[in-house]
Every structure is written in C-alpha cells, then in structure tokens.
Amino acid sequence: MSLFQDALAVRENAHAPYSKFKVGAAVRSANGKVFVGCNVENSAYPEGTCAEAGAIAAMIAAGENKIEEVCVVAESPVPIAPCGGCRQKIAEFSSPDVQVVLADLKGETKRITIGELLPHAFSNSHLPGE
Ligand code: THU
C-alpha cells in the first residue's frame, strides 16, 4: 500500500463528531515501516488530537524516531495544511528536506517539504547544552 492509501484508510477511523472533519496521516520511518494516525476529538474540545500526532506517537512507541515521508489526507477543497503544532511535531523527527504529501480523497494534490512548511523552526539547537 502507498503512504496515501494508508492515510486514506486510517482516516475512516477518525473520531471527529464535532468538526466533522476527518483527517488521516501516515509516516514512513527510516527503516521503511509505516505508522498511521487519525484525529481524535473530545467533548472537551482542547483535548482533541490531530492525525499527525497519532501517527508520530505510534512511530515513537515502536522505537523509531526518524521520519522519511509524511502523507496527510482530508476532504478539503484545497490541500490540507497541517496545523502549526503538527508542523513542529513533524520537524522534531525530520530533516528539512522530508516530503509532506498533502492529499484530498482522490489522491495527492501537493508535495512540499517540512522545511518549506516550517521555515526557521525552533529546534533542539536553540536549547542550551544540546
Ligand atoms: N486536524 C488534524 O488532524 N490535523 C491537522 O493538521 C489539522 C487539523 C484535525 C483537528 C480537528 O479534529 C479537525 O482536524 C478540525 O480542525
């Protein structure tokens, strides 16, 4: 399965009764494994989590920490823009040239790097002692 198909499939499981906006995400890690996540909303709205966060959490839980490619899919008139927090989460485990595929339900609509999505990112290089 392609990264797009993995993201599309997990999107079906999204819990989005409040926004009605289902999102699926898939990340491929350095060893070629794919980890998926969907948005999980909550009646206490700020407790909801994004699809990308779920996929990254699954990758870390499996002992992987290097992202090679990301795909995010939603039903959207323009390619979905990963939220700012998710850009930061992706950047934590990616080099700036990692490709982020922004897809609608029919397939890929835009390919952009995480460096383009989050220029001048805050990173561990800004922390003292790192
Ligand atoms: N959402 C994501 O899952 N990823 C993003 O990058 C943007 C937004 C979710 C959060 C919320 O459940 C719904 O989309 C509407 O904002």
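Whatever comes next refers back to the structure up there.
The structure presented is a predicted model; accordingly, all values stated were derived computationally and were not measured. (Residues numbered from 1 in each chain as written. Predicted model: local features only at pLDDT ≥ 70, side-chain atom pairs only at ≥ 80, totals over all residues. Heavy atoms only, no water.)

**Description of the site of the ligand**
Close to the ligand lie Ser19, Phe21, Val23, Asn39, Glu41, Cys50, Ala51, Glu52, Pro82 and Cys83, which account for all nearby residues. A distance of 2.9 Å separates an oxygen atom of the ligand from a polar side-chain atom of Asn39. Contact between the ligand and Ala51: an oxygen atom at 2.9 Å from a main-chain N or O atom of the residue. Class assignment for the residues of the shell around the ligand results in six nonpolar, two polar and two charged. (Near = heavy atom within 4 Å. Polar contact = N/O pair within 3.5 Å; in protein donor to acceptor, adjacent residues only side chain to side chain. Nonpolar A, V, L, I, M, F, W, Y, C, P; charged D, E, K, R; others polar.)

**A look at the pattern of salt bridges**
Applying the stated rule across the entire model yields four salt bridges. Its salt-bridge partner being Glu12, residue Arg11 comes within 3.9 Å of it at the nearest N-O pair. A salt bridge links Glu69 to Arg28; the nearest nitrogen and oxygen atoms lie 3.0 Å apart. Placement of the pair is Glu69 in strand 3 (residues 67–74) and Arg28 in strand 1 (residues 23–29), with a sequence separation of 41 residues. (Salt bridge = Lys/Arg side-chain N within 4 Å of Asp/Glu carboxyl O. Helix = DSSP H or I, 4+ residues; strand = E, 2+ residues; numbered from the N terminus.)

**Considerations on unusual backbone geometry**
Non-glycine residue Lys20 carries a positive phi angle of around 60°. A positive phi is found at His120, a non-glycine position, where the angle reads about 55°. In this fold, His120 is placed in the segment after helix 4 (114–117). Taking relative accessible area as the criterion, His120 reaches 84% and is therefore assigned exposed. (Buried < 20%, exposed > 50% of the residue type's maximum accessible area, 1.4 Å probe, protein only.)

**Quick look at the pairing of strand 3**
In terms of burial, strand 3 is a largely internal element, seven of the eight residues being buried. Here seven bridges tie strand 1 to strand 3, and the two strands are oriented antiparallel to one another. Paired with Arg28 across the strands is Glu69, a residue of strand 3. By the bridge criterion, five bridges tie strand 3 to strand 4 (residues 99–104) in an arrangement that is parallel. Bridging from a neighbouring strand, Glu69 pairs with Gln99 of strand 4. Of the crossover connections in this fold, the one passing from strand 3 over helix 3 (residues 84–92) to the parallel strand 4 is right-handed. (Pairing = 2+ DSSP bridges. Right-handed = clockwise from strand over helix to strand, strands pointing away.)

**A word on the nonpolar core**
Considering soluble globular proteins, one finds that nonpolar side chains tend to be buried as a cluster. Core analysis: the largest hydrophobic core is formed by 20 residues, its most contacted members being Val23, Val27, Ile67, Val70, Ile90, Val100 and Ile114. When contributions to this core are tallied by element, the ones reaching two or more residues are strand 1, helix 2 (51–61), strand 3, strand 4 and helix 4. In terms of nonpolar packing, the next biggest core, distinct from the first, is built from eight residues, Phe4, Ala26, Cys71 and Ala103 among them. (Core = buried A, V, L, I, M, F, W, Y, C linked by side-chain atoms within 4.5 Å.)

**Points about helix 2**
Among all positions in helix 2, only Ala51, Glu52, Ala53, Ala55, Ile56 and Met59 are buried. Lining the buried residues of helix 2 we find strand 1, strand 2 (34–38), strand 3 and helix 3. Downstream of helix 2 by a residue or two, Gly63 has a phi angle that is positive, lying close to 90°. (Contact = heavy atoms within 4.5 Å.)

**Concerning the side chain of Arg87**
Of note, Arg87 is situated in helix 3. Here Arg87 is buried and forms no salt bridge, its nearest opposite-charge partner Glu52 lying at an N-O distance of 7.7 Å. A distance of 2.6 Å separates the side chain of Arg87 from the backbone oxygen of Pro82, its partner in a polar contact. If sequence neighbours within four positions are ignored, Arg87 has contacts with Ala81, Pro82, Ile114, Leu117 and Leu118. (Lys, Arg positive; Asp, Glu negative; His and termini not counted.)

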